[in-house]
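Topology and contacts: notes
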Amino acid sequence: MAARTHRPSPALLVSLATSTGLLAALSAAVRSRRVPPWERDLFALLNHLPAGLTPVLVLVMQLGSYPAVFVAATAAVLARRIGTAWSLLLAGNLAYWLAVAAKAAVARQRPAALLTDVVLRETITGRYGYPSGHVAVATALALVAARAGGTRWRRAAWVAIALVAGARIHVGAHLPVDVVGGFLVGWLAVCVTRLVVGEVGPQRSVPALRAALRRRGIDVAGLTPIHGDARGSQPWRAVTTGGRQLFVKVTGGEQRDADWAYKLYRRARYRHVADAPPYLSARQQSEHETCMTLLAERGGVRIPAVVTTAAMSGGDAVLVQEFIDAAPLHAVVGPVPPAAVRDAWDQVGHLHRAGIAHRDLRAANVLVGRDHVYLVDLGFAADDAPADQRARDVVELMVALSTRVDPAAVVAAAVDRLGAAAVADSVPFLQPAVLSRAGRSALRGRPGMLDSLRQEIVRRCPDRDRPAAKVVRFNRRTVLELLILGLIVHLLLPQLGEIRTAARLILHADPLAVAAVLLGSALTYLLSGVVLRLAAAKRIPLGEATLVQVAASFANRLAPGSLGGAALSLRYLHQRELTTADAATAVGVSRAAGAVSVVLLLPVLLPFARRPARILTHDATRAIPLLLGALAVLLVLAAVLAAPRLRRRGRDAAGRAEPFPDPVEPGVPVAGHTHHYRMVDDRLRRRTGHPVDAQLDASVAAGYLHYRSVTKTARPALPNAEQRAAVTSCRPRRR
């Protein structure tokens, strides 16, 4: 029996998501639109083909009929391909019944009900045409057969799908979009089948692998699969009849799909990715790894020698190398010898001097012997690699070695073998986004590893500390921001239709009235910012507070009950280092002030309600001086509150106008008031450069404490000139 795994490959998940998304989008578009002109013309072209082709096309069309599912499964059983028969049976039935369900959901009628000039060349049953059930079944059977038969069946499978689709349009049963929907249904059915049945494991390839090696003159006595982190391939340990041990790497099928899916993910997320384009076949990928291995071996890198390459039926590629009796770095028992650490950096140096970047130097690809190291798996290697790719190699190997060796020793060995410049160039790439999945997993167990490596590199390479490089195009926060932006656009887009109407009304309105309304609207944001600034426990810039109020007005369009604006104001105050209680209090006070202002303005505005426009214009003209005076007062008040110098002068004037309290006796103890005394000391230290002596300046401290205790209820001046001069210059000011 063939061993199977139910862990889906990345390519399978991508295919499943893509087929589902395209099918849903196409179904929604078909349901809400009529037949477009291009689809009508394409249908007429195929439907009016010569009648002599009809018998042949009708015969080919039976490949997508429901009985064809059972015929294909029976043929697979007779060929002793039980697994393929089960996949054909499951995929065919899924495609047929998914098509039936989609027809009922979309309810798009046949061409004869939508068009006038339709030639029916066969009896058509059923009311609905989208999606095509024949094309869905033919696609499912063809894709399963192509996966089972290899490359020689793939072209025939695509030809069969195209012929069935053209035949269904020719007989007048479906429109072109119907057959496209049928293809998507069949693709989805195959993806679900692979997910349910599972992927074929390594035991299936044993007979074919033996035959491929025998054709290369290698008689194998035993084949044992090697389990581990072997992304993109299936490794084997082979023992020949002469006792020679070989490492056999098979690339193809799901493993190759995993590679192109991985490369697509890397290109979408990371900047400046130097990956080679996805290979069209497993043989191309295996040839690339063979070439990189031979170049590395010529450059002096200790790497398993290439014995031969081979090809298997089904398109799988085989790379045979000498077997190395060494353990991967993460599986080494006991401490890693220092000589092995130095040798690892030597091998990386040889590799980089040959112009090659490994680009996958995780612990699984570093084999450790007694005092030497082998580098393996150059499937992702790049020739003529730029400096940033070589720097990423250094970072990956540093993290892999630091899981077993002290980071300081790792950096010391790297500087000794590679040089300070090469190690210092890796500083911008000391970030989790650069590492492989295995490297990020190692970081989770040692959170401070990257900081330790950076500090050690900077210590050994002074003046080489540089900021982190921008390597990530998007992260979770970016995705969340895009989703929120899409939601905002979706909610605000229907309101854009009102802009033209509003613009037309503004153009026909009184310019003076429009200017007054715009000015009043702008002032509301300014005054709201002033209120929020006064209500906050800490000083916040007036400009930022005003912009927050403008943004809050947009947020209120999305959330009911002005919750969006309140949440935005709370978030802003949190960013300004206010506690949750202080931020909530400030927002509550500003909201209450807004409600009070509305209540106060209602008696002023209600008399103008429901009055003729001529009388309103006359009253507004008479009220302009009053409004301008109120506006001037508000602007002066806002300027005083916004300018720190004016605010301080106002406070000093208010303090000088208040009466003197009783004198304070010198020598008042300052114990228990260390916090206040420290504030005086800090202020004088900044002004004079010398701290206050606790014994000699006790009178100043005592006067200051008295000032602080009294200012809870009043702002008096101080009892004598010395204390007044010292404390006035030292008291903490609001920032």
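So, on to the overall build of the protein chain. Tallying secondary structure elements over the protein chain gives 29 helices and 12 strands in all. Taking as baseline every contact in the protein chain between residues at least 6 positions apart, the subset at least 24 positions apart corresponds to 73%. For the protein chain, the exposed area adds up to about 40,600 Å²; of that, 62% sits on carbon and sulfur atoms.

Bringing the pairing of strand E5 (residues 245-251) into the picture now. Counting buried positions over the 7 residues of E5 gives 5, a clear majority of the element. Note: strand E4 (residues 234-240) against E5, 6 bridges, orientation antiparallel. Across the sheet, Trp236 pairs through a bridge with Val248, a residue of E5. Where E4 folds back on E5, the antiparallel hairpin that results is connected by 4 residues, among which Gly243 adopts a positive phi of roughly 90°. Note that E5 and strand E7 (residues 317-322) share 6 bridges and pair antiparallel. Bridge pairing in E7 places Leu246 opposite Glu322.

Of the residues in the protein chain, 70% have a pLDDT of 70 or more, and the chain-wide mean is 77. Low pLDDT, under 50, characterises residues 654-677; the stretch is placed with 34 contacts to residues that sit more than four places away or in other chains. For residues 684-696, every residue scores under 50 in pLDDT, and the model assigns this stretch 17 contacts once sequence neighbours within four places are set aside.

In this structure the tally under the stated criterion is 12 salt bridges. Between Asp343 and Arg302 there is a salt bridge, with its nearest N and O atoms 2.5 Å apart. One end of the pair, Asp343, is in helix H13 (residues 338-353); the other, Arg302, is in the loop between helix H12 (282-298) and strand E6 (306-311), with 41 residues separating them in the sequence. Exposure remark for Asp343: the relative accessible area of 10% places this residue in the buried category.

Take the side chain of Ser402 next. Secondary-structure assignment places Ser402 in helix H14 (residues 387-402). Sequence-distant contacts of Ser402, defined by excluding residues within four places in its chain, comprise Pro407, Val410, Arg446, Met449 and Leu453.

Right, let's talk about the environment of Trp38 for a bit. Among the secondary structure elements, Trp38 is positioned in helix H2 (residues 37-47). Each C-alpha atom of the pair Trp38 and Pro176 lies 9.6 Å from the other, and the pair is 138 residues apart in sequence.

The next thing to look at is the nonpolar core. Residues Trp345 and Met398 are the most contacted members of the largest nonpolar core, which totals 51 residues. Every element with two or more residues in this core is listed here: H12, H13, strand E10 (366-368), strand E11 (373-375), H14, helix H15 (407-418), helix H16 (420-424) and helix H18 (449-460). Here Met398 is in contact with Trp345, Val410, Ala414, Val423, Ser426, Leu453 and Ile457, once residues within four sequence places are set aside. If you look at the next biggest cluster of nonpolar residues, it comprises 27 residues, including Ala85, Val137, Val177 and Leu184.

On the surface, a nonpolar cluster with roughly 240 Å² of combined accessible area is contributed by Leu13, Leu195 and Val196. On the secondary structure map, Val196 appears in helix H9 (residues 176-197).

Bringing unusual backbone geometry into the picture now. The step from Tyr130 to Pro131 runs through a cis peptide bond, and the omega angle for that step is -10°. Structurally, the position occupied by Pro131 is in the loop between helix H6 (111-114) and helix H7 (133-149). With phi around 55°, Asp384 is a residue other than glycine that occupies positive phi space. Considering the arrangement of structural elements, one finds Asp384 in the loop between strand E12 (382-383) and H14. Overall, Asp384 belongs to the exposed group, its relative accessible area being 68%.

What follows deals with the packing of aromatic side chains. Per the counting criterion, the structure on display carries 6 aromatic pairs. Ring geometry for Tyr66 and Phe70: centres 5.3 Å apart, planes at 90°, overall edge-to-face. Taking relative accessible area as the criterion, Phe70 reaches 41% and is therefore assigned partly exposed. Both rings, one in Phe183 and one in Trp187, keep their centres 6.3 Å apart while their planes meet at 35°; by these two values the pair is tilted. Taken together, the positions of Phe183 and Trp187, both in helix H9 and 4 residues apart, correspond to about one turn of that helix.

Our next topic: the sheet that holds E10. Read across the open sheet, the 3 strands follow the order E8-E10-E11; overall the sheet is antiparallel. Single-partner strands in this sheet number two, and they are strand E8 (327-328) and E11. Strand direction decides the pairing type here: E10 and E11, joined by 3 bridges, are antiparallel. The residue of E11 that forms the bridge with Leu367 is Tyr374.

With respect to the helices, strands and loops of the structure, Val336 is situated in the loop between E8 and H13. Classification of Val336 as buried rests on a relative accessible area of 9%. Put simply, Val336 and Leu401 are 65 residues apart on the chain and 8.8 Å apart in space, counted from C-alpha to C-alpha. In this structure, Val336 is in contact with Leu329, Val341, Val368, Arg404 and Val405, ignoring residues within four places of it in sequence.

Each value, and the rule that gives it
Residues numbered from 1 in each chain as written. Predicted model: local features only at pLDDT ≥ 70, side-chain atom pairs only at ≥ 80, totals over all residues. Heavy atoms only, no water. Helix = DSSP H or I, 4+ residues; strand = E, 2+ residues; numbered from the N terminus. Contact = heavy atoms within 4.5 Å. Areas by Shrake-Rupley, 256 points an atom, 1.4 Å probe, with all protein chains shown as cover. Buried < 20%, exposed > 50% of the residue type's maximum accessible area, 1.4 Å probe, protein only. Pairing = 2+ DSSP bridges. pLDDT = per-residue confidence, 0-100. Salt bridge = Lys/Arg side-chain N within 4 Å of Asp/Glu carboxyl O. Core = buried A, V, L, I, M, F, W, Y, C linked by side-chain atoms within 4.5 Å. Patch = residues over 30% accessible without salt bridge, like charges linked within 9 Å, V, L, I, M, F, W, Y side chains within 5 Å. Phe/Tyr/Trp six-rings, centres within 6.5 Å; stacked < 30°, edge-to-face > 60°.

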